[in-house]
Amino acid sequence: DAKKLPDRNAYQIYFEEFSTDLEKEIQRHIREKSKFPEGELYTIIYSILSALSYLDRNDLNHNYIVPVNILKIDRDTYKLDDNFLLQHQSDIYSEALKGNYLRYLAPELMPSYFRRNPSPGKYDHDKADVFALGICILDAGLLNSEGDFLNKKGNRIDETKLKEKLQKFSDYYTPTMLKIVEDMLIIDPNKRPSSSGLLKKLPGKPIATISPPTNKKKEEKILIQDSPTVSLIGLFLIY
């Protein structure tokens with residue numbers, strides 16, 4: 001977060017530590033031959049949808065939902081990496097044109113991508129972010145983040161291939177979790193729910209968990225907020 005200091009030509013910028021990201025967590029589970037618990041996947045969905053919904057309500061969108069931008073702050077706590085303050089804002093479409101993260105590109109962006117248009121034109125950024133999050137969760141559930149779902153001849157998403165992956169996902173997770181991911185991955189953006197719409201359909205907030213006792217007697221709980229609490233670890237003066 002950032003705010004302008006009163007009566008000064010300076011901004012105060014807030015940072016928050018994070019332990020790792022979803023991409024590294026996927027690789028860790030692959031090494032350990034272990035699956036993500038369903039509760040952890042639900043926490044990721046709920047917290048990232050909360051962030052996307054907050055951005056959308058303020059006429060902002062992230063546009064770069066990939067596993068490396070989903071940060072694990074602590075056990076059972078995930079948040080969305082900033083794509084605004086301290087870096088030149090990138091987006092999934094420009095990255096796909098460079099050959100990166102194509103698997104997370106929403107179907108409605110595919111026609112522009114195959115024509116190699118420098119810009120995809122008008123589209124619903126929030127719903128494209130929802131689709132990308134759905135692929136992130138599918139990746140986590142299946143412990144994979146490589147390849148794509150493109151039908152190269154038809155210049156579109158290969159729906160059969162995607163359905164096969166969803167069927168495999170259903171072998172490990174409940175019908176409730178499967179339905180959430182299916183909703184995020186609806187091909188038609190007019191039928192795909194927005195982040196706010198999907199958030200309202202979720203069963204509720206993740207169940208809080210408490211870490212084992214420590215010398216500091218510190219409790220660790222899932223913290224999901226529209227405006228996350230952060231720790232100040234730096235002050236930048238921008239003139």
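Residues numbered from 1 in each chain as written. Predicted model: local features only at pLDDT ≥ 70, side-chain atom pairs only at ≥ 80, totals over all residues. Heavy atoms only, no water.

**Observations regarding the sheet that holds strand β4 (residues 70–74)**
Stage number 1. Across the sheet, three strands lie side by side as β3-β4-β5; this open sheet has antiparallel pairing. Edge positions in the sheet fall to β3 (20–21) and β5 (77–80), since each has one partner strand and no second.
Stage number 2. Of the pairings in the sheet, the one linking β4 to β5 comprises four bridges and is antiparallel in character. By the bridge assignment, Ile 70 is partnered in β5 with Leu 80.
Stage number 3. Along the sheet face, helix α2 (residues 38–57) touches β4 and β5 and points at about 30° away from the line of β5. (Pairing = 2+ DSSP bridges. Helix = DSSP H or I, 4+ residues; strand = E, 2+ residues; numbered from the N terminus. Contact = heavy atoms within 4.5 Å. Axes fitted to C-alpha atoms, helices over the stretch in contact; angles between N-to-C directions.)

**Some points on the packing of aromatic side chains**
Aromatic ring pairs are described here by two measures, namely the spacing of the ring centres and the angle between the planes.
Stage number 1. For the structure on display, the rule yields five aromatic pairs.
Stage number 2. Between Tyr 64 and Tyr 101 the ring centres are 6.1 Å apart and the planes differ by 75°, which places this aromatic pair in the edge-to-face class. Linking Tyr 64 in the loop between α2 and β4 with Tyr 101 in the loop between α3 (92–97) and α4 (110–114), this pair joins segments that are 37 residues apart in sequence.
Stage number 3. Of the residues examined, Tyr 101 reaches a relative accessible area of 29% and is grouped as partly exposed. (Phe/Tyr/Trp six-rings, centres within 6.5 Å; stacked < 30°, edge-to-face > 60°. Buried < 20%, exposed > 50% of the residue type's maximum accessible area, 1.4 Å probe, protein only.)

**Here's the deal with the confidence of the model for the protein**
Stage number 1. Considering every residue of the protein, the mean pLDDT works out to 82; 83% of them sit at 70 or more.
Stage number 2. Considering only residues more than four positions removed or in separate chains, one finds that residues 210–239, a stretch of pLDDT under 50, has 63 contacts. (pLDDT = per-residue confidence, 0-100.)

**Some details on the pattern of salt bridges**
Pairs can form between side chains of opposite charge whenever their charged atoms are close.
Stage number 1. For the structure shown, the criterion picks out ten salt bridges.
Stage number 2. The partner of Arg 192 in a salt bridge is Glu 108, and the shortest N-O contact between them spans 2.9 Å. Of this pair, Arg 192 sits in the loop between α7 (175–184) and α8 (195–201) while Glu 108 sits in the loop between α3 and α4; the two residues are 84 residues apart in sequence, bridging distant segments of the chain.
Stage number 3. For Arg 192, a relative accessible area of 1% puts it in the buried group.
Stage number 4. According to the relative accessible area criterion, Glu 108 is partly exposed, its value standing at 21%.
Stage number 5. Close ionic contact of Lys 179 with Asp 183 constitutes a salt bridge, the shortest N to O distance being 2.7 Å. In this pair, Lys 179 and Asp 183 both sit in helix α7, four residues apart, roughly one turn of the helix.
Stage number 6. Sharing partners across several salt bridges, the network here consists of Glu 25, Arg 28, Glu 32, Glu 40 and Lys 72. (Salt bridge = Lys/Arg side-chain N within 4 Å of Asp/Glu carboxyl O.)

**Concerning the pairing of β5**
Stage number 1. Side chains Thr 77 and Lys 79 of β5 all project onto a buried face; the interleaved residues Tyr 78 and Leu 80 project onto the opposite face, where all are buried too.
Stage number 2. Counting the residues that bridge the hairpin from β4 to β5 gives two residues, and of these Asp 76 lies at a positive phi of roughly 65°.

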